Amino acid sequence: MTQFYLPEQAIYHNDGREQRLLEFILSHPDYALMKGCPDRILAAIDEYGREKAFLMNVGTEKGQIVSKVISRVKPGVIVELGGYIGYSALLFGDALRKAGGRKYISLEVSPIFASVSAALVGLAGLSDTVEIMVGPCRDSLRALSKAYPGRGLDMFFFDHAKVEYTNDLKLCEELGLVSQGTTVVADNVSRNPEYLEYVRASGAKKMKAADENKGLTLCHESDMSLGRPDLRYETSVVHSIEPTGEPDAVEISCCLGSS
Ligand SMILES: C[S@@+](CC[C@H](N)C(=O)[O-])C[C@H]1O[C@@H](n2cnc3c(N)ncnc32)[C@H](O)[C@@H]1O
């Protein structure tokens, strides 16, 4: 039996495989043992990814890297952008609870994926810790800034559409959700040079880019965020692998505040 997930193909999600995953778990011989046990549910999800169909989960290797950050930082609240079927919410929600944290807020645009995630979170006994917000993450982030006014949150996990990472980090900065002391972990950065350039840039470089973008925003009236170019990050990359065995990397950035 291979240790890796089946390869990602042209159609890799939203073709019924997520609902079939839930059926697979509900009829699994270990189902009774999964109640209140996130680890056993994660093992069954991995089994499905290896034997039935590819799933776009963070996986065990990168999952371990992020779990270590959670036990080191001991965040009270974590927000993830891109929840899918709940693999990261189970893994990191459990790590957060063990580290003494309060809330893991999972933002997911697809009601279908969110309903699978909610069922698995319930089965894992994590409903008190994990909250799922359904809808475009920019709407949810704006709602969160009202629920947590005037303070940065402890930690973010970016794992949604790669092209949206930079604009959404800038929105978090503008809303005050990312500020001095916030840890931002971003998955799949080996495919995201624009994001890496932003978190690694000096204040002066970001100020210049923000001035250029200001014109663009006015021209297209798009939902483009300018961010807080004065914010600096201490940032580093950790190389790892996807659940399929493909190489990938995670960027771990701590906001140092205004430069
Ligand atoms: C790679 S998957 C997330 C995997 C998940 N973090 C895990 O490891 O288990 C990306 C998810 O982001 C969601 N997504 C993409 N764009 C989004 C947006 N603008 N707002 C909220 N969710 C989004 C997709 O529907 C998909 O479920």
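In this convention, every chain numbers its residues from 1, walking through the sequence in written order. Where totals are concerned, whole chains, interfaces and linings use all residues; where local detail is concerned, this predicted model gives features only for residues with pLDDT of at least 70, and gives and counts side-chain atom pairs only at 80 or more. Hydrogens and water are ignored here; the side-chain numbers use all heavy atoms of the structure.

Once that is clear, we can look at the overall build of the protein chain. Along the backbone of the protein chain there are 10 helices and 7 strands. The atom set for the radius of gyration is the C-alpha atoms, and the globule formula is 2.2 Å times the number of residues raised to the power 0.38. Radius of gyration (C-alpha) of the protein chain: 18 Å, near the 18 Å computed for a compact globule of 259 residues. Overall, the protein chain is about 60 × 40 × 30 Å in size when its C-alpha atoms are taken along their principal axes. Accessible area is worked out with a 1.4 Å probe on protein chains only. A residue is then buried under 20% of its type maximum, exposed over 50%, and partly exposed in between. The buried share of the protein chain, reckoned over its 259 residues, is 53%. Excluding contacts between residues fewer than 6 apart, the proportion of contacts in the protein chain whose partners are at least 24 apart in sequence is 76%. Calculation of accessible area relied on Shrake-Rupley with a 1.4 Å probe; when residues are assessed, cover is drawn exclusively from the protein chains displayed. Of the roughly 11900 Å² of accessible surface on the protein chain, a fraction of 54% belongs to carbon and sulfur atoms. Averaged over its 28 positive side-chain charges, the protein chain has a centre that lies 5 Å from the centre of its 35 negative ones. Put simply, DSSP marks the helices as runs of H or I at least four residues long and the strands as runs of E at least two long, and each gets a number from the N terminus on. The contact definition used throughout considers only heavy atoms, calling two residues in contact when any of these lie within 4.5 Å. In this tally Asp and Glu are treated as negative and Lys and Arg as positive; neither His nor the chain ends contributes. In plain terms, the charge of a residue is placed at NZ if it is Lys, CZ if Arg, CG if Asp and CD if Glu.

Let us now look at helix α3 (residues 38-51). Expected span of a helix: the number of residues minus one, times 1.5 Å. Along its 14 residues, α3 runs 20 Å from first to last C-alpha, staying within 8% of the 20 Å computed at 1.5 Å per residue. Of the positions making up α3, those classed as buried are P38, I41, L42, A44, I45, D46, Y48, G49 and R50. For α3, the secondary structure elements touched by its buried residues are α1 (17-26), α2 (31-34), α4 (59-73), α5 (87-98) and α6 (111-124).

Here we come to the site of the ligand. Distances are taken per atom, and a residue is near a molecule or strand as soon as one of its heavy atoms is within 4 Å of it. With respect to spatial proximity, 21 residues lie near the ligand, and among them V58, G82, S88, E108 and D159 are the closest. Residue V58 places a main-chain N or O atom 2.7 Å away from an oxygen atom belonging to the ligand. Considering the ligand on its own, with 610 Å² of exposed area, one finds that the protein chains cover 89% of that surface. When residue character is reported, Ala, Val, Leu, Ile, Met, Phe, Trp, Tyr, Cys and Pro are called nonpolar, Asp, Glu, Lys and Arg charged, and the others, Gly included, polar. Broken down by class, the residue content of the shell around the ligand amounts to 11 nonpolar, 6 polar and 4 charged. Polar contact criterion, stated in full: a pair of N or O atoms within 3.5 Å, where within protein one must be able to donate a hydrogen and the other to accept it, and residues adjacent in sequence count only if both atoms are side-chain atoms.

Here an angle of 0 to 180 degrees is reported between the N-to-C directions of two axes, which are lines fitted to C-alpha atoms, with helices fitted over the stretch in contact. Relative orientation of the contacting elements α1 and α3 amounts to 125 degrees, with a least axis distance of 10 Å. Taken together, α1 and α3 sit at an angle that is classed as oblique. Considering only the axes of α1 and α3, their crossing is right-handed. In contact with R17, R20, L21, F24 and I25 of α1, α3 contributes I41, A44, I45, E47 and Y48. Each residue belonging to the contact of α1 with α3 can be placed in one class, and the counts come to 7 nonpolar, no polar and 3 charged. Each angle receives one of four descriptions, namely roughly parallel if under 35 degrees, roughly antiparallel if over 145, roughly perpendicular if within 65 to 115, and oblique otherwise. Should the near helix be turned counterclockwise from the far one by less than a right angle, the crossing is left-handed, whereas a clockwise turn marks it as right-handed.

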